[in-house]
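# Descriptive analysis of the structure
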4 protein chains.
Amino acid sequence: MPERATDLVELRRTFHARPELGFLEIETAARVIAELDGHVDDLQWGEPVCDLAGLAGLPSPDDLTTARERARGSGVPDPLIEDLGYGATAVLARVRGTRPGPVVAIRFDMDALPVTESDDDAHVPTALGFASANPGLMHACGHDCHVAVGITLGRRLAANRDFPGEVVLLFQPAEEGVRGARAMVAAGATDGVDVMLGMHVGIDLPAGTVAAAAEGVLATEKWRCHFTGRPSHAALAPHEGRNALLGAATATLGLHALPPVSGAVTRVNVGRLVAGTSANVIAAEAVLDTEIRASDDGVLADLSRRGHAVIDGAATAHGLTAEVEVTGASAVARCDAEVVEAVLSAAADVPAIEEARRTAPMTASDDVTLFMAEVQRTGGQATFVLVGGGSPAPHHTSRFDIDESALPVALDLLEGAVRAGL
Amino acid sequence: MPERATDLVELRRTFHARPELGFLEIETAARVIAELDGHVDDLQWGEPVCDLAGLAGLPSPDDLTTARERARGSGVPDPLIEDLGYGATAVLARVRGTRPGPVVAIRFDMDALPVTESDDDAHVPTALGFASANPGLMHACGHDCHVAVGITLGRRLAANRDFPGEVVLLFQPAEEGVRGARAMVAAGATDGVDVMLGMHVGIDLPAGTVAAAAEGVLATEKWRCHFTGRPSHAALAPHEGRNALLGAATATLGLHALPPVSGAVTRVNVGRLVAGTSANVIAAEAVLDTEIRASDDGVLADLSRRGHAVIDGAATAHGLTAEVEVTGASAVARCDAEVVEAVLSAAADVPAIEEARRTAPMTASDDVTLFMAEVQRTGGQATFVLVGGGSPAPHHTSRFDIDESALPVALDLLEGAVRAGL
Amino acid sequence: MPERATDLVELRRTFHARPELGFLEIETAARVIAELDGHVDDLQWGEPVCDLAGLAGLPSPDDLTTARERARGSGVPDPLIEDLGYGATAVLARVRGTRPGPVVAIRFDMDALPVTESDDDAHVPTALGFASANPGLMHACGHDCHVAVGITLGRRLAANRDFPGEVVLLFQPAEEGVRGARAMVAAGATDGVDVMLGMHVGIDLPAGTVAAAAEGVLATEKWRCHFTGRPSHAALAPHEGRNALLGAATATLGLHALPPVSGAVTRVNVGRLVAGTSANVIAAEAVLDTEIRASDDGVLADLSRRGHAVIDGAATAHGLTAEVEVTGASAVARCDAEVVEAVLSAAADVPAIEEARRTAPMTASDDVTLFMAEVQRTGGQATFVLVGGGSPAPHHTSRFDIDESALPVALDLLEGAVRAGL
Amino acid sequence: MPERATDLVELRRTFHARPELGFLEIETAARVIAELDGHVDDLQWGEPVCDLAGLAGLPSPDDLTTARERARGSGVPDPLIEDLGYGATAVLARVRGTRPGPVVAIRFDMDALPVTESDDDAHVPTALGFASANPGLMHACGHDCHVAVGITLGRRLAANRDFPGEVVLLFQPAEEGVRGARAMVAAGATDGVDVMLGMHVGIDLPAGTVAAAAEGVLATEKWRCHFTGRPSHAALAPHEGRNALLGAATATLGLHALPPVSGAVTRVNVGRLVAGTSANVIAAEAVLDTEIRASDDGVLADLSRRGHAVIDGAATAHGLTAEVEVTGASAVARCDAEVVEAVLSAAADVPAIEEARRTAPMTASDDVTLFMAEVQRTGGQATFVLVGGGSPAPHHTSRFDIDESALPVALDLLEGAVRAGL
């Protein structure tokens, strides 16, 4: 089906050229809607499928304004900008088969990264002219591919309803920072779902290789911690200040000194610290961006408790108040054997797949796990499928790319699994 | 001489309403030039009296551009903007007396602070309508008064040349951050000066009180320290990173743990720390703004050596490189007894002075000390005079103000000292 | 009175040769008792004048046993060993004058230091054969002189009762660590006292110089802080431990980062840290010996609060419990003008005094201030007199010595002041 | 062979009752010699098989003296005390078979731990009366069993020479702290060895279960780090000190903040810190006992480099010198498939073995790996065999015990492997 593959590639390149950060995917979501409208049975977007209430880690009002301006400049209609332009950028599409069967949901994440794309001609998107047109932003994690596959899958299934049950395509905002899945779960996006699938391209696998289950996905929490003290003149009244910068430095060392856990993989990182205003003032404010990760949800919970204690202790020691916002969260990936088998079986029918592994390591974090956990909590099953992309450079770097032969592989594998009733 | 006082007050209010940050005092310097042109014997400005070569701590190109735009909007002529609009904002004016005598230089600093002025009607400048018109900027240290006194002194002396020797008025940029004096000294502004005077209003003294010598002025250095490491993915390859944020936190704790010095006052403060980009990346860059102060130049030098060792050690420990820029510097104030006596004698002839102290404490830093030290190094003498201003709030805060009766006090005292031949 | 001076010197040398640590001054106290018994009107020792209830910072049972053994070997009678051998080593002697007058108390501290005395022949006690006979212990702070002066003063006053009021000689244990005065105050040693005098030899003054008031004496608290965590195997279960060593390190850096205080002298030092047992076990216990000092009692109280917060915060951060014992305490020295004048007047009558200063700096701590504060609290007056000793090396070092000409100076000055009715 | 088992158990209990610390195993080694003398073909001990030159981590002279006294009291002959009583406590015994074959070396470690044995009657050694007679010392890691098995194996093989090649029994001192193997390797104990076997009882396996290869043994280094600064009076001259305690605290936080390594297990622990003398002195000395571990020798080497940098950086920051002694070292365990198969095959012939696993985890460290690595380096093969002991409490705790049915299992397994020619 070469023309489908061509469509798929064109779509991917279109998305690749227009990267948008998390919760700012206005143009991306608008294009998803435009491509699926009229094909699928149900199409929802914005707040009805994306509940932002109580979330931290959202873009600033200025960022939202800028994103709306850009989307308007790209021709997104005003009503859609009103629906999508305040953070709630999720899209949900539903296609029903002609036979009874399970409700299968598949997650496609849409956001890009604050990475400047390589302008080297050896970088394929640059050489072929579809590199990022948005300076400082790049699809450096393959989500452009995900969106293209999701749209094409929706149209194929709509065109041929010969499959059991129904399929729910979840176009998720803000996977980076593990922020968007919470909003969609909160809006009930997985209600009634029997089988939940995630799919990610790349992940150090060669093109032609797939894995039916990701192994070693780390549960994570992302924190923004605010320390508040009291300013004072550093020479005239140093003792009247309460030094938030010192508290933040102490918390940083304490967090990085949290011990490893036997039998588990853990990670702690304070990745950003901004404190104080100038050398001659005791710093009254400090912000710490921290993440914790673990290969076990219980271990993560324990690490979270200990990390909070470190922050509280630093605040106590330096006379500060501390507040921790959870700006992102995800769980480990539990992949159910039955679904894994079904994916392996589907893979056997895709000629372009040279090797189908049961599992492959994916030792990062992804909030598709929140969809998975929610479906499993209500009695369903799940897996997180990996599709090799032969990337010449690591995820999140300026030369990351995906061998486009991975696109039909992903598409055919998902379609096959759906048609086989998983 | 009420009309003189009135002029002086009007001038002060004009400057108060138009605050500009250090090295950006384009409009201020232009007004100084306009007010003195035609009166004084010699008037120089810009690079000839302000050598910025090798200085750190200068404004960014963007800040300079913004400042030039504002000055242009305020009617500063283009040639002056070209002269003054790239950081070299100093002005030097010279008035010769009719009799032989010493060359006396007096420093008047011109810059304001990044403080938002109070909009409370209890705040006099707000009540009387001359509060800052530049949002976020404020003359919260009395430099507006200094400039007004300097201009008026120049015009008075020019109008009546019956004094010995000559007077050099040094309108200095960027006293905040102790940056500007170095540039003027480097340009030779104190060449040939026999007596150097500094004058500061406020300093917790009541209006009507003056002190002929500041006591306890702290020598200082301001540092901007850059740590450079290596980024890496915090989950996938934490060991491949070299963590500049951890290095900066370690340096911060080490700097704040530098010991006190018997018999001296010392201060160390890391007032600003900016490191890293996001929670999931090992931070590769960190910037630390630090100041050290001491009541003795030798103690400051020792503190500087130890502080550098702390920074170097933190870099070594965390596999980083560290670079320290000195963005500001000043010395302690050594006030010569002979000049102090002369000022006290002049004070006795100013009726508005209720109390003239030999010394008063001024336990902050001021780079007028660099002018003083340079003049003393070449055989001259110096003092740093304080003029009470009855301030209702501390220096550098949004309700700082000066009782305007201090203005003629300062003016008459300086004029008297000059005419008496110091 | 050369033979008195000779006695005085002999006494001092005797004490110098037999140094004992704080609360272990069994032999010293026994000799004080023996020298004064039969001369003075009232002589008390042990628990009646030394209330140890609730004190931390006492010697260990083993140390007490060793000290009793040594005292027994030196011929101290068993009943005295029972009275003095369990920490309560204070002695109080009272001599009444023939005329009405104030009750004047004078403190003489008795303890030595854990310093090994120099065996260099240039060190006078070594050259003359009266260096410490107790290895590792030394009278390196002049308390040997104090005790000799106190005894001789008591005998002189007893021999000639022509003075007003009465004199109370307070032979205090454990001045080092500022521990012993609390015990004597608690036992009521200053009850009824009108004038309290402290006297210290040395303090960087030349022999022949005295000062009627010590200036700059720092209030202090000494803390022993115990952190308790949970041990675990460092490789098999690092996460099961709660690391007291890490908590202690964090507290150390936090304590040393407490800010200076404008207008005051402060000191913070963690001088001893003992934590953990071996490299392969997460350390479950840590002990931190810390002192804080300040030139103002209120500043000390604030520093104490902040220091406790640092310790509590470190405990919270690392999942530990923390307990702080106050092992020593003293106040600043407030010297009353009236008493200071009286001492100066007495000094004028001592020919050997070449210079009598009103004040001299003594920027260490001494718990004679607790006696002073208690007497002042109940309406009395006080001062702390310094007597120059021409020491060739600093206090607390192995070559510290006192020019013995200082002994009659101290004695005559105190006697003169007492006889003059202060 | 019940009487053999009885001997074995008696031997084990004898050793259990007389625990000795590393390099102090005088009585233990003397008993090994006595039990094997006259049976084996070659018997060497002391310096010829134990080269201590250049080793750190040795007992103090006082400890050695005490150990010699105890051994003398236990009846060890004076010449043996001279040979064994200065640290070189290793014993090597050689038994030759009647047929040609490989040289097989087996390591039996002899040292006990500074653990106080439980006096609870539920603790078998206490109930049966063979608990430690040496207060504060305990065989809490099963080395008593190892020695008993080694002796019995030597006697059995000597009694029946029907086996190929020859067997070298290595009775190693000081496995705790991974110190002794280095000394024996340095003395050439593995010269000519073709197959190296380690054996350890316990390790969380049930009695009746063995594993032919330990998996996950961590390479390690143990460090003793000395920081040297300069003392000074904490109140009078804090700035003249160079604070080793602060340096040690900084190093501790830096070491614990070393990042994890992707794909490897690592451990870092500062387990002991002793610094300073008293609260009022800037601490001039600090000692840090640290261990690092890794599941890969290269990762350990990298961790070692980074740890040294942390220590050097802390020294630089605080003006100290730092010296790191390596007091112990071991490698990961590489177990050769051929030897593992041979052990499994031998296990199949031991009826008491209920389960023989190919591998079992042993995520601690053991310096038998140095023997293994040396033999492998010279072309030989190796494995580290685990023999379940059904321990009721973890290794290194006061209730650790071994089900004595493990003793004949270990013995029969090793004998079988040797007789089968491995």
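Residues numbered from 1 in each chain as written. Chains lettered and ligands numbered in written order. Predicted model: local features only at pLDDT ≥ 70, side-chain atom pairs only at ≥ 80, totals over all residues. Heavy atoms only, no water.

## A look at a negative patch on the surface
Residues and elements named next belong to chain A. Where like charges cluster on the molecular surface, the negative patch consists of E47, D51, E82 and D83. Relative to the elements of secondary structure, D51 occurs in the loop between β1 (42-45) and α3 (61-73). Its relative accessible area of 30% is what places D51 among the partly exposed residues. (Patch = residues over 30% accessible without salt bridge, like charges linked within 9 Å, V, L, I, M, F, W, Y side chains within 5 Å. Areas by Shrake-Rupley, 256 points an atom, 1.4 Å probe, with all protein chains shown as cover. Salt bridge = Lys/Arg side-chain N within 4 Å of Asp/Glu carboxyl O. Lys, Arg positive; Asp, Glu negative; His and termini not counted. Charge placed at Lys NZ, Arg CZ, Asp CG, Glu CD. Helix = DSSP H or I, 4+ residues; strand = E, 2+ residues; numbered from the N terminus. Buried < 20%, exposed > 50% of the residue type's maximum accessible area, 1.4 Å probe, protein only.)

## Topic: the pattern of salt bridges
All chains considered together, the criterion is met by 112 salt bridges over all chains. In this structure, D412(A) engages R156(A) in a salt bridge whose closest nitrogen and oxygen atoms are separated by 3.0 Å. Separated by 256 residues along the polypeptide, D412(A) in helix α12 (residues 406-419) and R156(A) in helix α6 (residues 143-159) bring together distant segments of the chain. With a closest N to O distance of 3.0 Å, R12(C) and D144(C) form a salt bridge. Remark: D144(C) occurs in helix α6 (residues 143-159) and R12(C) occurs in helix α1 (residues 2-17); sequence separation between them is 132 residues.

## Remarks on the relation of the copies chain A and chain C
For the pair chain A and chain C, the relating rotation is 180°, the translation along its axis is 0.1 Å, and the fit reaches an RMSD of 0.1 Å. The transformation relating the two chain copies, once decomposed into turn and shift, fits a two-fold axis. The rotation axis passes nearest to the C-alpha of G313(A) in chain A, at a distance of 1.9 Å. Looking at chain A, 100% of its interface residues are interface residues in chain C too, so the copies touch through the same face. (Least-squares fit on C-alpha atoms with pLDDT ≥ 70 in both. Contact = heavy atoms within 4.5 Å.)

## Observations regarding the UniProt feature "binding site: Mn(2+)" (unreviewed entry) in chain A
According to UniProt, the feature "binding site: Mn(2+)" (unreviewed entry) maps to C141(A), H143(A), E176(A), H200(A) and H396(A) in the numbering used here. In three dimensions, the annotated residues from a span of 256 residues occupy one location, with a maximal C-alpha spread of 13.9 Å. With respect to the secondary-structure elements, H200(A) resides in strand β5 (residues 195-201). Given a relative accessible area of 2%, H200(A) falls into the buried group. Beyond its immediate sequence surroundings of up to four residues, H200(A) is in contact with C141(A), H143(A), H146(A), D366(A), F384(A), V385(A), L386(A), V387(A) and H395(A). Here H396(A) falls in the partly exposed class, since its relative accessible area comes to 23%. With residues up to four places along the chain from it excluded, the contact list for H396(A) reads L113(A), V115(A), A140(A), C141(A), E176(A) and N280(B). (UniProt positions renumbered as here; feature names shortened; annotations may be inferred.)

## Section: the relation of the copies chain B and chain A
Mapping chain B onto chain A calls for a screw motion: a turn of 180° about the axis and a shift of 0.1 Å along it, with 0.1 Å RMSD after fitting. Interface overlap between copies is the fraction of interface residues in one copy that are interface residues in the other; for chain B against chain A it reaches 100%, indicating a shared surface.

## Description of the packing of helix α8 (residues 244-256) of chain C against helix α9 (residues 297-318) of chain C
All names here are of chain C. It is at 9 Å that the axes of α8 and α9 come closest, and there the two elements cross at 150°. The pairing of α8 with α9 is recorded here as roughly antiparallel in orientation. Where α8 crosses over α9, the two elements pack in a sense that is right-handed. Residue-level contacts link L246, G247, T250, A251, G254 and L255 of α8 to G307, V310, I311, A314 and H318 of α9. (Axes fitted to C-alpha atoms, helices over the stretch in contact; angles between N-to-C directions. Parallel < 35°, antiparallel > 145°, perpendicular 65-115°, else oblique. Left-handed = near helix turned anticlockwise from the far one by under 90°.)

## Describing the interface of chain A and chain C
If you look at the interface, chain A gives 21 residues, while chain C gives 21 residues. A combined buried area of about 1,600 Å² lies between chain A and chain C, and 60% of that area is made up of carbon and sulfur atoms. Three residues stand out in chain A for area buried against chain C, namely H239(A), S262(A) and R306(A), and they jointly supply 29% of the buried area on that side. One can count eight residue pairs in polar contact (both at pLDDT 80 or more) joining chain A with chain C. With seven residues, helix α9 (residues 297-318) of chain A is the single largest residue contributor to the side of chain A that touches chain C. In the side of chain A that touches chain C, the residues fall into twelve nonpolar, six polar and three charged. (Buried area = accessible area lost by both parts, 1.4 Å probe. Polar contact = N/O pair within 3.5 Å; in protein donor to acceptor, adjacent residues only side chain to side chain. Nonpolar A, V, L, I, M, F, W, Y, C, P; charged D, E, K, R; others polar.)

## Details of the interface of chain B and chain A
Every contact between the two is made by 37 residues of chain B and, on the other side, 37 residues of chain A. Approximately 2,900 Å² of surface area, both sides summed, lies buried where chain B meets chain A, with 62% of it carried by carbon and sulfur atoms. Of all residues in chain B, L245(B), L273(B) and A279(B) bury the most surface against chain A, accounting for 18% of the area lost on that side. Our count for the chain B to chain A interface comes out at zero salt bridges. For the pair chain B and chain A, the interface holds ten residue pairs in polar contact (both at pLDDT 80 or more).

## Here we look at the sheet that holds strand β7 (residues 219-228) of chain D
Strand order in this open sheet of eight strands is β10(C)-β7(C)-β9(C)-β8(C)-β8(D)-β9(D)-β7(D)-β10(D), and the pairing throughout is antiparallel. Single-partner strands in this sheet number two, and they are β10 (321-330) of chain C together with β10 (321-330) of chain D. The average undirected angle you get between the axes of adjacent strands in this sheet is 20°. Sheet analysis places strand β8 (residues 266-276) of chain C next to strand β8 (residues 266-276) of chain D, joined by five bridges and oriented antiparallel. (Pairing = 2+ DSSP bridges.)

## Some details on the sheet that holds strand β11 (residues 355-361) of chain C
Residue and element names in this part refer to chain C. Judged by pairing direction, the sheet is mixed, and its eight strands sit side by side in the order β1-β2-β4-β3-β5-β12-β6-β11 without closing on themselves. Only two strands of the sheet have a single partner each, and these edge strands are β1 (42-45) and β11. Put simply, the sheet's adjacent strands are angled 25° from each other on average, direction ignored. With eight bridges joining them, strand β3 (residues 99-109) and strand β4 (residues 164-172) adopt parallel strand pairing. Counted as the bridge partner of I106 is L169 from β4. Contacts between α6 and the sheet are confined to β2 (91-96), β3, β4 and β5 (195-201), with β3 contributing the most and set at about 155° to the helix.

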